[in-house]
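Each chain, letter by letter, is given below.
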Amino acid sequence: MQDKHLHIISFDIPYPPNYGGVIDVYYKIRTLFKLGIKIHLHCFEYPGRDRSTELNTFCEEVFYYPRKPGFVRHSALYLI
């Protein structure tokens, strides 16, 4: 039987699971891991939320992407 792999994208680092969206992502990752599914987690980093080695317990790989919050980064003016 082949291993099952799943790529999950999280818009914040899901550890510690201390508010709404990351609680959901964290416990889904843990449950999928217990079911034998190999997780490849892709998450965005916001200032004030640090990378977590705890996620390596449940994930095959964890990829972090920097993200700078702010209106200008998402504005059409930024593309000019």
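In every chain, residue numbers begin from 1 and rise along the written sequence. Only residues with pLDDT of at least 70 are given local features in this predicted model, and only at 80 or more are side-chain atom pairs given and counted; all residues enter the totals for whole chains, interfaces and linings. Here the side-chain values reflect all heavy atoms present in the structure, with hydrogen atoms and water set aside.

Undergrad: So what about the overall build of the protein? Which residues, and what values?
TA: Of the regular secondary structure elements, the protein holds one helix and three strands. Helix and strand definitions follow DSSP, with helices as H or I runs of at least four residues and strands as E runs of at least two, each counted in order from the N terminus. The secondary structure elements of the protein, listed N-terminal to C-terminal, are β-α-β-β. Classification of residues uses two cut-offs on accessible area relative to the type maximum, computed with a 1.4 Å probe and protein chains only: under 20% is buried, over 50% is exposed, and between them is partly exposed. Sorting the 80 residues of the protein into buried and exposed places 31% on the buried side. Long-range contacts, defined as pairs at least 24 residues apart, comprise 53% of the intrachain contacts of the protein with a sequence gap of at least 6. Here, Shrake-Rupley sampling with a 1.4 Å probe gives the accessible areas, and only protein chains in the shown set may cover a residue. Carbon and sulfur atoms form 59% of the exposed surface of the protein, whose accessible area is close to 5,900 Å². Whether two residues are in contact is decided by their heavy atoms: any pair within 4.5 Å suffices.

Undergrad: Tell me about the sheet that holds strand β1 (residues 5-10), residues and numbers included.
TA: The strand order across the open sheet formed by three strands is β1-β2-β3, and the pairing between neighbours is parallel. Edge positions in the sheet fall to β1 and β3 (59-66), since each of these pairs with one other strand and no more. Averaged over all neighbouring strand pairs, the angle between strand axes comes to 15°, with direction disregarded. Taken together, the six bridges between β1 and strand β2 (residues 38-45) define a ladder with parallel strand orientation. If you follow Ile-8 over to β2, its bridge partner there is Leu-41. Most of the contacts of helix α1 (residues 20-34) go to β1, to which it runs at about 170°, and overall it touches β1, β2 and β3. Paired strands are those between which DSSP finds at least two bridges. All axes here are fitted lines through C-alpha atoms, helices being fitted over the stretch that makes contact, and every angle between N-to-C directions spans 0 to 180 degrees.

Undergrad: Hey, could you go over the pattern of salt bridges for me, with residue numbers and the actual values?
TA: Counted as salt bridges are all cases of a side-chain nitrogen of Lys or Arg within 4 Å of a carboxyl oxygen of Asp or Glu. Following the criterion strictly, the structure yields four salt bridges and no others. Residue Glu-60 pairs with Lys-38 through a salt bridge whose shortest N-O separation is 4.0 Å. Of the two residues, Glu-60 is situated in strand β3 and Lys-38 in strand β2; the sequence distance between them amounts to 22 residues. Note on Glu-60: relative accessible area 48%, which makes it partly exposed. With a closest N to O distance of 2.8 Å, Glu-45 and Arg-51 form a salt bridge.

Undergrad: Tell me about the side chain of Arg-49, and name the residues and values.
TA: Here Arg-49 lies in the loop between β2 and β3. Residue contacts for Arg-49: discarding those within four places in its chain leaves Asp-12, Ile-13, Pro-14, Tyr-15, Pro-16, Asn-18, Tyr-19 and Val-22.

Undergrad: Let's hear about the nonpolar core: which residues, and what values?
TA: Ile-29, Ile-39, Leu-41, Leu-55 and Val-62 are the most contacted members of the largest nonpolar core, which has 15 residues in total. Going through the elements one at a time, α1, β2 and β3 are the ones with two or more residues in this core. Among the elements that take part in this core, α1 stands out by supplying four residues, more than any other. Residues contacting Ile-29, with those up to four places away along its chain left out, are Ile-8, Pro-14, Ile-39, Leu-41, Phe-58 and Cys-59. The nonpolar core is taken to be a set of buried Ala, Val, Leu, Ile, Met, Phe, Trp, Tyr and Cys residues, with the residues joined through side-chain atoms within 4.5 Å.

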